[in-house]
Amino acid sequence: MGKYLINKLISVITTLFILSIFIFGLTHVMAGDPAQAMLGSNADSTQIEALREEMGLNRPLVEQYVDWVSDAVRGDLGDSYFRHQSVTAALAERIGPSLILSFWSELIAVVLAIPLGIVAAKRKGEAADVAVSATAMLGMSMPSFLLGLLLILVFGVFLGILPVSGYVTIAKGGLLEHIRYLVLPCVTMGLIQSALILRITRSSFLDVLNTDYIKTAKAKGLKQKVILYKHVFRNAASTIVTILGQSFGSLLAGVAVLETMFNIPGMGQLIVDSVLKRDYPVIQGAILFISLIYIIINLIVDVSYGIIDPRIRIAGSAK
Amino acid sequence: MSSEKGNMDIAKDAIWENRKIKLRSFTKNKMAMFGLVLTVIMVLAAILAPLLTPYDPIAMETTNRFQAPSMAHLFGTDEFGRDILTRTVYGIRISLIIGAATAAITFVAGMILGLLAAYFTFLDNLIMRICEGMMSIPSILMGIALMSVLGTESKNVVIALSIVYTPVVARVARAAALTVKEMTYVEAIKSQGAGWMRILFKHIAPNTLSSVIVQATYIFATAIILEAALSFLGAGIPAPTPSMGNILNEAKQYIFNSWWLTLFPSIVMILLVMGINILGDGIRDVMDPTAN
Amino acid sequence: MENTEKILQVQNLKTSFTTLRGQVVAVDGVTFHVNKGEILGIVGESGCGKSVTSQSIMRLYDEKKLVTYEGQIKFEDRNLLDLEEKEMESIRGNEISMIFQDSLSSLNPVFTVGDQIAETLRVHQGMDKKESLKKAEEMLRLTGIPAPEKRVHNYPFEMSGGMRQRAMIAMALACQPKLLIADEPTTALDVTIQDQIMDLIRDLNRELNTGIMLITHDLGVVAQTCQRVIIMYLGQIVEEGSVTDIFDRPLHPYTMGLIKSIPTMETDRHEKLFMIKGTVPALTEIGEGCRFCERCPKAQEKCFKESPEIHQINETQSVRCFYSDK
Amino acid sequence: MRNMAVHELTPAQKYLEDRTILDVRNLTKEFPVKEGVFQQKKTVKAVTDVSFSIRENETFSLVGESGCGKSTTGRAVLQLIKPTSGEVYFRGKNIVGLKGRPLKEVRQSMQMIFQDPYSSLNPRIPVGEIVEEALKINHIGVGKKERMSLSMEILNKVGIRKDQYYRYPHEFSGGQKQRIGLARALVLSPEIVVCDEPVSALDVSIQSQVLNLLNDIKKDMKIAYLFISHNMSVVRYISDRVGVMYLGSLVEEAKTDEMFANPLHPYTKALLSAVPEANPHVKKEKIKLTGDIPSPMNPPSGCTFHNRCPYATEMCERLAPKRKEVETGHFVTCHLYNN
C-alpha cells in the first residue's frame, strides 16, 4: 500500500507541475498583451508600456512563472484585471454554488445510474436492458445545455412550475426556494452524468458476471441475489469508483455551461465571463483551482481503490 | 512447383474474398448499420444543403420574423427572419466538418504518441505525464481557455478540440499497443531480425488500429458536443455562420414565445450525435474478435 | 460392484446452446452413472463435451437465454432437471460440489480464502461467522496446507497454485457432499504438485467416501486414480469400462488411437508416434454417420451412413462402434 | 575420463572437431524487481550458471517445472533477452553482445517456435505472407514471385495446402498454427531451432502429429533442436540428450536413455516418480516432495533444492554443490556425488 501511495503522490505532483506550466503558458505566451487589453484600444504605447512595467510583465517569463507559482502555493492567485478583487477572493465567493450544484447533480446521477446499470447487466439483452442502454446512449449524445433548454421548455415554458434561471441561497429565500431554483440545473447535469456512469456500471458488472469465480459462487449454491450484491458488486466497485471520481471532477467544469445558462453565480460562470473579458489572472487561477480539485478527487478515488481491492493494499499492484 | 502465374490468381481472388467476409460481418451487425444509416443521412443533408432549401442561412429578411413552423418554413424562422431548417442543415455541415477534422487529427496524433509511448519506455513517462496533466483540465474549460487565446474562428475550434482530445486517444492507443507488444508474434518477428520500424508500423500499429478507430468515432461525437457547448457560450464559431451551438444560443433568448427555435434544432442535433455514437458501438462490436 | 448404490444416474442427457450460428448440441444423449464412493474418469479432448456435461449436472449455465436441457439427471431419486432454482441452490456446494482447473481465477480475489470456505458452511449448515471460520481452518488442515491458521486470512493471489487448489478442495468438501465433480483439477499444476493434489483427492475419496467425477485429458492421471472410465468424443460417449478394460482391451478405435498416440515412459523412442489422422470436426459440421468415421482407420461404408448406438459388449464394457470386436 | 578434456577445448575447436554448433557457458540471467514500500532493489535469479552444448542435428531438451528458468534460458541463447553474464558460442563464435547486422546474420540460422498458437501469428497478415516476411527481412529470394514459391514449398512440407496461402490465422486450428509457425522458422533454413513448449497448448491427438513432424523435419533438413518442455514423457520421446532444471540451475544432464533409466539427482528422481503412468497395473513407489516450489526472488541458500530434498544434509544448506561428470556425458550437481 505504501508504495502505491508514494507512486500516486509523485504522479500527482508531476501532473500539477505540467498543468501549471500549460496554464501559465496558455495565458502568457499565446494571449495578447494584457496591459493593452486593460487600457482599451485607444491607449497609446507609452501608457501601455508604463502599465506593463508596473505589472512586471517585462520580466523574463520564467521569473514571472516562479513568482506566480510561489504565490499560488501560498493561496495568492494574483488580482483580477477588471474585478477589483483578488482571484482567490472571487473564487471563494463562487465556490459554494458550484460545489452544491455538482454535489446534487452527482448524487442524482449515482442514485439513478448504478441501480439501472445493475438491472441492465442482470437482464442483458432483455427489454429492460435495451431501454436503459438506449436512454444512456441518448444521454451521452446530448450536450448539457441542450437538455437544459429542453427541460426549460417543458417545465419552465409549458408548465411554468419551475424557475428557469437565478440562484437563491438558503439564507435569503429559505430551503424550499433554494431547492426550487436548483431543480432544473441539477436534474439536467444529473441526467447527463448518469448516462456515462450507467454504461460503465453495466459493462463492469457484465465483465465480472462472466468470470470463473462467479461460476464458482453459483456452484457453491449461493442465491443469485447474494452473488450479485456481494461477490459481483465488490469486484465491480473498484471500476465504478474510478469513474465516479472522474465524472465528479469533469462535472465541476461541465457545470460552467449550466451556470451561464441558468445564471448561477458559480466558478464556471466566473471563468466564462473572464474568458470573454480576457481577464487572464482569473482564467489562470480558476482553471488551476478546478483542476486541483479534480486531481485531489482522483487521488481520493485511487486511495479508496486500494482499500476496496486487497491486491493493491497488499501487493501494491492489481494482478 | 506451381507455376508463378497460378500463384498470382490465388492471391487476387483470396484478398477480394477476405474483404467480402469483413463487409458481411459489418452488415450483419444491426447496430452498426443503424448508426451508419443515420450518419449517412446527416452527411447527405449537409452536402446537399443548397439543393434542399431555397433560403440563404445568413441573409436577413426582417419581414417574416418569428414565423411558426409552416409549409414554407418547416422549422419556422428566427428573430432575423432566417429559415431555421436551412440554418440547422448548414449547422450540421459545420459540426460534421469540425467533428471529422478533430477525429482525424486526434486519431493520427494519438496513434503516434501512443505507439511511441508504448514502444520506447524512456518516452513513455514523458508522454504519459503530459497527457495526464492536460487531461486533468476538464475539457470544456480547456476549450474555452484555448478559444480565448486563439481567437474565435472555425479553424481555431478544430485546433482547440484536437489539443483537448489528443491525450485521450493517445492513452487508448498506448494501452492497446502495450497489450499487442506482449504478443508472441511481436517476439517472433524480432527473433527473425526485424528492425524496430517494421515491428512498430507493420505489426504493432495495425493491431492497435481497431480500438483507436472506435475511440476516434466517440471523439467525433464528443467533439460536436463540445463545439456546440463552446458556441453556446459564445466562445466557439462566431455568428452569423450557423453552428448547432450558436443557433441554440440565439434560440435561448426567445424560448418563451418561439419554442420552435429551440425544439427542432435540438432534435436534429441529438440524432446527429447519436448516429455517430451508435456507429462507434457498432464498429467496436465488429472489430472485437470475441464478437464473431 | 453391481449391488453398490448409484448416487448419480444420467439418462440421455442432451445440452444444446443457442448461439449466433443457431442451435449447437454440445452434449448429445449421454448416459452414465456414478457409484457411491467411486472415482469415475471422464476423458476426452477439448470440445468433446466433458466440461459441458459436468456443468449441466450442476445446471450452472443460464437457462433463460443460453441453454436447454433434455433427458434426466437422477440424484438420490430426484431429477435435477425438474428442480426449482431454490432446490438446486440447496444441493449445489452441499450435496454436489465442484472444483475447477484454474484456481487463481476460480476464487474471488477480494475475499480471503477463509471467508469463501466459511460462506459455504454459513449458507448450507447455518453456522455463525466465528464457528464457520473455525471449521474452514479445520478443512484447510485436512487438505494438508501448511500453517492453516495463517492461510485462512490470506487472499487467493497470496498463495501458490498448489495451495489455492487445496483451498478449492477444502471449500468443495466443507459440507461433506456425496459427489465431487473435479473439472481438470491438476491440468494447470506442475507435475510434482499435481502428484500431491491427486494423492489428496484419492485419500479424501477413501476417508469421506465421496463419489468423484474426475474430468481430465491426462490418461496417466486416469490410470492411477479412477476405477471406471468414460471416453467422450464430439458430445457422445464412445466407450465405457473399468480402468483395466480401457487400458488393456480398448475397443473403440478412438480410445485405441488416444492411448497409442500419447508418449509414455514405455513408448519406443525410435518409432513414429501413432497419429489419429485429420482434426476434430466442428459441432456444426457433423454428418449422419458415426462421428469418428472421417478419422477412423477401421471405417467401413456403413460407418459413413449410420450412427452406431452404444451397446454393452461384456459385463463392464460398452462401446459405440459397429466393428469394435473385429 | 578422456572427454573431461572436451570442456577445456575452445568453442571453435569443439565446433570443428566435435560439430558442436551451440556451446553455452555459465549463462546467468537476473531480473531487477522493485519490491516493498521503499522500492528496495531485489533481483530474481531466473537462470544461474547454466552450461550445456548441442551438436549438429541433435535434440537437446531442457525440462523442469514452472519458474525453473528453462524458457528464459531459451530466449537468452537467442539473445532475445540480454544475459547478465556468461557466453553463448554459435559455430565457435560468442554471440553475446552482438548487435545490428552481425546479430541479424546469426539470427537467421537460430530460429524459434512458440507455445501459444493463438498469439504466435499476426492476425492481420495472411499466413503465406507471414512466411514470406521472414525471407524479405533477411533478403532471401529475388522479388515476390520467388519468395512466394519458397514459402509455398516450406508450407507444403509442414502440411499447409497452397489454396490456404492467403487465409488468415484465425481460420486455422491450433495444430495448424503451430505448423505455420514452424514453416516461418524453417524457411530461413536455420541450423538450430529453439522449441519453447511447442505442443503443451495442443490437444492430445494433435500433439503426436506435431512431434512426428518435428522429427521428420530434423532428419530431412539436418536441424538441431533446443526443446523446452515440462512434460517428461514428451521430452523422453523426442530428445537425444536431456537437461533437468530446478530454480534456475541445471541440476542434471545426460543422454535420454541414461537419464530415464538411471536418474541420479534427487529432484530428477522425484520428478520421474511424480509422472502418473498411463498403465493402471504399474504403481510406482513415490519420492514425496514436501512443500512448494520456492520463489526465485529469494532462493534457498546453498543447494536451492535442500529445503525439499529427502537426502538434504547440513552441508547442502551451507554450500552450493559443484557440477560433476559422474559417467561419460552424465553430469549432476549434487553433494551426494561431490565427495
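Starting afresh in each chain, residues are numbered from 1 along the sequence in its written order. Following the order in which they are written, the chains are lettered starting with A and the ligands numbered starting with 1. With pLDDT at 70 or above as the cut-off, local features in this predicted model cover only qualifying residues; side-chain atom pairs require 80 or more to be listed or tallied, and sums for whole chains, interfaces and linings still use all residues. Where side-chain values are given, they derive from all heavy atoms of the structure, hydrogens and water being excluded.

### Describing the sheet that holds strand 9 (residues 241-246) of chain D
Sheet strands pair by backbone hydrogen bonding; their relative direction is either parallel or antiparallel. Residue and element names in this part refer to chain D. Strand order in the open sheet formed by eight strands is 6-7-8-3-9-10-12-11, with mixed pairing between adjacent strands. Pairing within the sheet leaves two strands with one partner each, and these edge strands are strand 6 (110-113) and strand 11 (323-327). Geometrically, the sheet is characterised by an average inter-axis angle of 20° between neighbouring strands, direction not taken into account. Contacting strand 3 (59-63), strand 6 and strand 8 (224-229), helix 8 (residues 204-221) crosses the sheet at an angle of about 160° to strand 8. By definition, residues are in contact when any of their heavy atoms lie within 4.5 Å. Orientation is described by axes fitted as lines to C-alpha atoms, over the contacting stretch for helices, and by angles from 0 to 180 degrees between their N-to-C directions. Secondary structure elements are taken from DSSP: a helix is a run of H or I of four residues or more, a strand is a run of E of two residues or more, and numbering for both begins at the N terminus. Where helix 11 (residues 266-274) meets the sheet, it contacts strand 9 and strand 10 (249-255), and its direction lies at approximately 100° from that of strand 9. A pair of strands is considered paired only if DSSP assigns at least 2 bridges between the two.

### Quick word on the sheet that holds strand 5 (residues 78-79) of chain C
Residues and elements named next belong to chain C. Ordered by their spatial adjacency, four strands build an open sheet running 2-1-4-5, and the pairing between neighbours is antiparallel. Looking along the sheet, the strands with just one partner apiece sit at the ends: strand 2 (22-35) and strand 5. Each of strand 1 (6-19), strand 2 and strand 4 (67-75) is contacted by helix 1 (residues 50-57), which is oriented at about 110° to strand 1, the strand it contacts most.

### Some thoughts on helix 11 (residues 260-287) of chain B
For a helix, the expected span equals 1.5 Å multiplied by the number of residues minus one. Here helix 11 of chain B spans 41 Å end to end across 28 residues, near enough to the 40 Å set by a 1.5 Å rise per residue. Burial classes follow relative accessibility: with a 1.4 Å probe on protein chains only, a residue under 20% of its type's maximum area counts as buried, one over 50% as exposed, and anything between as partly exposed. Burial runs high along helix 11 of chain B: 21 of the 28 residues are buried.

### Section: the pairing of strand 3 of chain D
All names here are of chain D. Where burial is concerned, most of strand 3 is hidden: five out of the five residues are buried. Burial along strand 3 is two-sided: Thr59, Ser61 and Val63 and Phe60 and Leu62, pointing in opposite directions, are all buried. Here five bridges tie strand 3 to strand 8, and the two strands are oriented parallel to one another. Within strand 8, the position partnered with serine 61 by the bridge is phenylalanine 227.

### Quick look at the side chain of histidine 335 of chain D
Residue and element names in this part refer to chain D. For histidine 335, the position within the fold is in the segment after strand 12 (330-333). We define a polar contact as two N or O atoms separated by no more than 3.5 Å, with the added condition that, inside protein, one atom must be a possible hydrogen donor and the other a possible acceptor, whereas residues neighbouring each other in sequence contribute only through side-chain atom pairs. Of note is the side chain of histidine 335, whose polar atom sits 2.6 Å from the backbone oxygen of leucine 319. Those residues within four positions of histidine 335 in sequence are excluded, and the remaining contacts are Met315, Cys316, Leu319, Ala320 and Pro321.

### Digging into the side chain of serine 233 of chain D
Considering the arrangement of structural elements, one finds serine 233 of chain D in helix 9 (residues 232-238). Of the residues examined, serine 233 of chain D reaches a relative accessible area of 10% and is grouped as buried. Ignoring any residue separated from it by four or fewer positions in sequence, one finds serine 233 of chain D in contact with Pro263, Thr264 and Met265 of chain C together with Val275 of chain D.

### Structural notes on a nonpolar patch on the surface
All names here are of chain B. On the surface, Leu36, Val40, Val43, Leu44, Ile47, Leu48, Leu51 and Leu52 cluster together into a nonpolar patch covering about 700 Å² of accessible area. When contributions to the nonpolar patch are tallied by element, the ones reaching two or more residues are helix 2 (30-47) and helix 3 (49-52). With five residues, the top contributor of residues to the nonpolar patch is helix 2. Among the structural elements, valine 43 can be located in helix 2. Residue valine 43 is classed as partly exposed on the basis of its relative accessible area of 31%. Two joining distances apply to patches: 9 Å for like charges and 5 Å for nonpolar side chains (Val, Leu, Ile, Met, Phe, Trp, Tyr), and every residue must have over 30% relative accessible area and no salt bridge. To measure how exposed things are, a 1.4 Å probe is used in the Shrake-Rupley method; for residues, cover is taken only from the protein chains shown. A pairing counts as a salt bridge when a side-chain nitrogen of Lys or Arg comes within 4 Å of a carboxyl oxygen of Asp or Glu.

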